[in-house]
Amino acid sequence: MRKSSIFLGSAAIMAALLCLCLLHAARAADAARPAVARRAATVKALGLTDLCLFTDASYTRHLALADLHSPLQEHPLCLEHFPAGSLAGPPATLGR
Amino acid sequence: MGAWTERQRSILDFALSSLLRRSGKNAALLAVYTGVVFLLASAMFLLSALRREATLVLADAPDVVVQRLVAGRMDLVPVAYAERLRGIRGVRSARPRLWGYHYDPARKAPFTLMVPLDGAPQEGTVVLGGAAARLKRTAVGRQLPLRAHDGSTRTLEVAWILAAESELVAADLLLLSEADFRAITGIPAGSATDLVLAVPNERERGTVAAKIAQELPDTRSVQREDVLRTYDAVFGWRGGMVTVLLAGALFAFVIFAWDRASGLPAEERREIGILKAVGWETSDVILLKVWEGAAVSLTAFLAGTLLAYAHVFFFAGTLFARVMKGWSVLYPDFRLVPAIDPYQVTTLLVLTVLPYAAATVLPTWRAATVDPDAIMRS
């Protein structure tokens, strides 16, 4: 078999798999709609404001409500040291 | 058409044979390239899925949250403030919200204590988030002792555990009655953590926030749009997370493309010289190198993207989990809903394949336009 046939065949298979991924993503999003709606209902019922993603520090647990400079005021001369702080960044309201 | 296709396939055959002649070097190149695409695509898929989840789930977050600041720090807000806020036009309701943190030194984990706005548990009972229940190793009906602010212990019965599917928003929650919350935290009656306002008209929220600042100068308001903007920024391309995840991958790619663009190895230059000496046109040589570049970059792009999809959506982003968890002891167990579209995939293709193709073709063009004798002697 020609090398180009092997290459083009394997590229076509991978491209088809990529199309299947797009299809899978669309179907999974449809299937997850009720679960997402239940999560949204939990947010509404409990009055939540944040995703529970970074629980190592209070200002990263509740990103939307954090003080603008809370990472630096846990104690005098405190420097931001939680790994999540470098991922999460300051709230969007900073500087407004 | 048939002749054109046959010509392209013949050149592709030659290009693949040429790549296989340097199989060790090209395998390493393909592995690195695939790794770079994998990292970029994983970060893109992960962030896009998190951003969509935040947008959908937090669409029902409180309209406006009012916090009180004392000396620049968040402080308890008098419940009486709610009455004053109800008088502002556009505010349908203002309710005090009770929440705070409870650090468990034995497990080194901070839990979020909260009194639900609606349907709080009965006094003496507690409802746990999934991760909190796992960490506390408890179950429905068991007793859960919690250390109160005055050193005493308050024992609550676990009424139920929140469904696993809510972990992304409620993993670390301990939901209590108001009486239990006040007894444990010491927050006196008449004070609350913050106030939650219902302002149904979205266009009025800015005006309401301005009036709150005028009416209660020691407070600040966080609107629902601020909450959504925060998550959009955190999971956006310019967020800190992307910088951390992508900086390494991008630098690797820049070095890699620069290495290609800065000149061809002597072996490849000699090969070009020989091809030209045996009668290949400059355009044929460039076409050969385009096919070589396309074979490498297309394989790396497709393999890297497929691996990234499996990594993020079938294996829950295992490689990024350590970065995301940081020092967290409590972590939600969740499966992200895939959120990718053809636009994202095209962006990834343009970002990863085009720079490499350009970096391959330019030095080839330079080498192919030089006299073959000069190339072979150099």
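No experiment lies behind these values; they were computed from the predicted model shown.

**A short note on the overall build of chain A**
Next, step 1: Counting its secondary structure elements, chain A contains 4 helices and 0 strands.
Next, step 2: For chain A, the proportion of its 96 residues judged to be buried stands at 50%.
Next, step 3: A separation of at least 24 residues holds for 34% of the contacts in chain A among residues at least 6 apart in sequence.

**What to know about the interface of chain A and chain B**
How big an interface is tends to be reported as the loss of accessible area on association of its parts.
Next, step 1: Each side of the interface is counted separately: chain A has 59 residues, and chain B has 83 residues.
Next, step 2: Approximately 6300 Å² of surface area, both sides summed, lies buried where chain A meets chain B, with 66% of it carried by carbon and sulfur atoms.
Next, step 3: Inspection of the chain A/chain B interface yields 5 salt bridges.
Next, step 4: For the salt bridge of A:Arg38 with B:Glu165, the shortest nitrogen-to-oxygen distance reads 2.3 Å.

**Some thoughts on the nonpolar core**
Next, step 1: Counting 82 residues, the largest nonpolar core has A:Leu51, A:Leu53 and B:Tyr33 as its most contacted members.
Next, step 2: When near neighbours in sequence (up to four residues on either side) are disregarded, A:Leu53 contacts B:Leu50, B:Leu168, B:Phe235, B:Met324, B:Tyr331 and B:Phe334.
Next, step 3: If you look at the next biggest cluster of nonpolar residues, it comprises 38 residues, including A:Cys52, B:Ala94, B:Leu98 and B:Leu197.

**A short note on the pattern of salt bridges**
Residues and elements named next belong to chain B.
Next, step 1: In this structure the tally under the stated criterion is 28 salt bridges over all chains.
Next, step 2: Two residues, Arg22 and Glu271, come together in a salt bridge whose shortest N-O distance is 3.4 Å. Placement of the pair is Arg22 in the loop between α1 (2–21) and α2 (23–57) and Glu271 in helix α10 (residues 266–277), with a sequence separation of 249 residues.
Next, step 3: Asp232 is the partner of Arg51 in a salt bridge, and the nearest nitrogen-oxygen pair spans 3.7 Å. Placement of Arg51 in helix α2 and of Asp232 in helix α8 (residues 224–234) is noted, with a sequence separation of 181 residues between them.
Next, step 4: Judged by its relative accessible area of 44%, Asp232 falls in the partly exposed class.

**Regarding a nonpolar patch on the surface**
Residues and elements named next belong to chain A.
Next, step 1: Side chains of Ile13, Leu17, Leu20 and Leu23 sit close together on the surface and give an oily, nonpolar patch of about 390 Å² of accessible area.
Next, step 2: Relative to the helices and strands, Leu23 is located in helix α1 (residues 3–31).
Next, step 3: Among the residues examined, Leu23 registers a relative accessible area of 51% and is labelled exposed.

**Notes on the side chain of A:His62**
Next, step 1: Relative to the helices and strands, A:His62 resides in the loop between α3 (58–61) and α4 (83–88).
Next, step 2: Exposure remark for A:His62: the relative accessible area of 8% places this residue in the buried category.
Next, step 3: A distance of 2.5 Å separates polar atoms of two side chains, one belonging to A:His62 and the other to B:Tyr101.
Next, step 4: Sequence-distant contacts of A:His62, that is, excluding residues within four places in its chain, are made with A:Thr49, A:Asp50, B:Trp99, B:Tyr101 and B:Thr112.

**Section: the environment of B:Gly151**
Residue and element names in this part refer to chain B.
Next, step 1: Looking at the element boundaries, Gly151 is found in the loop between β7 (143–147) and β8 (153–161).
Next, step 2: When its relative accessible area of 33% is taken as the criterion, Gly151 is described as partly exposed.
Next, step 3: When the C-alpha atoms of Gly151 and Ile184 are compared, they prove to be 9.3 Å apart, with 33 residues separating the residues in sequence.

Reading guide: rules and limits
One numbering rule holds for all chains: residues counted from 1, following each sequence as written. Each chain is given a letter, starting from A, and each ligand a number, starting from 1, according to the order in which they appear as written. Per-residue local features of the predicted model are confined to residues with pLDDT of at least 70, and side-chain atom pairs are confined, for both listing and counting, to 80 or more; whole-chain, interface and lining totals are unaffected and use all residues. Only heavy atoms go into the side-chain values, all of them from the structure, while hydrogens and water stay out. Think of it this way: any DSSP run of H or I at least four residues long counts as a helix, any run of E at least two long counts as a strand, and we number them from the N terminus. Burial classification: accessible surface area is computed with a 1.4 Å probe over protein chains only, and a residue below 20% of its type maximum counts as buried, one above 50% as exposed, and the rest as partly exposed. Residue contacts follow a heavy-atom distance rule, with two residues in contact if any of their heavy atoms lie within 4.5 Å. The quantity reported as buried area is the accessible area (1.4 Å probe) lost by two parts once they are put together, taken as the sum for both. Salt bridges are defined as contacts in which a side-chain nitrogen from Lys or Arg sits within 4 Å of a carboxyl oxygen from Asp or Glu. As used in this record, nonpolar core signifies buried Ala, Val, Leu, Ile, Met, Phe, Trp, Tyr and Cys residues forming a set joined through side-chain atoms within 4.5 Å. Exposure above 30% relative accessible area and the absence of a salt bridge qualify a residue for a patch, where like charges join within 9 Å and nonpolar side chains (Val, Leu, Ile, Met, Phe, Trp, Tyr) within 5 Å. Under the convention used here, a 1.4 Å probe and the Shrake-Rupley method define accessible areas, while residue burial counts only the protein chains that appear. N or O atoms closer than or at 3.5 Å make up a polar contact, with two conditions inside protein: a donor-capable atom paired with an acceptor-capable one, and, for residues adjacent in sequence, both atoms drawn from side chains.

Worth remembering: the numbers are spatial, not functional.
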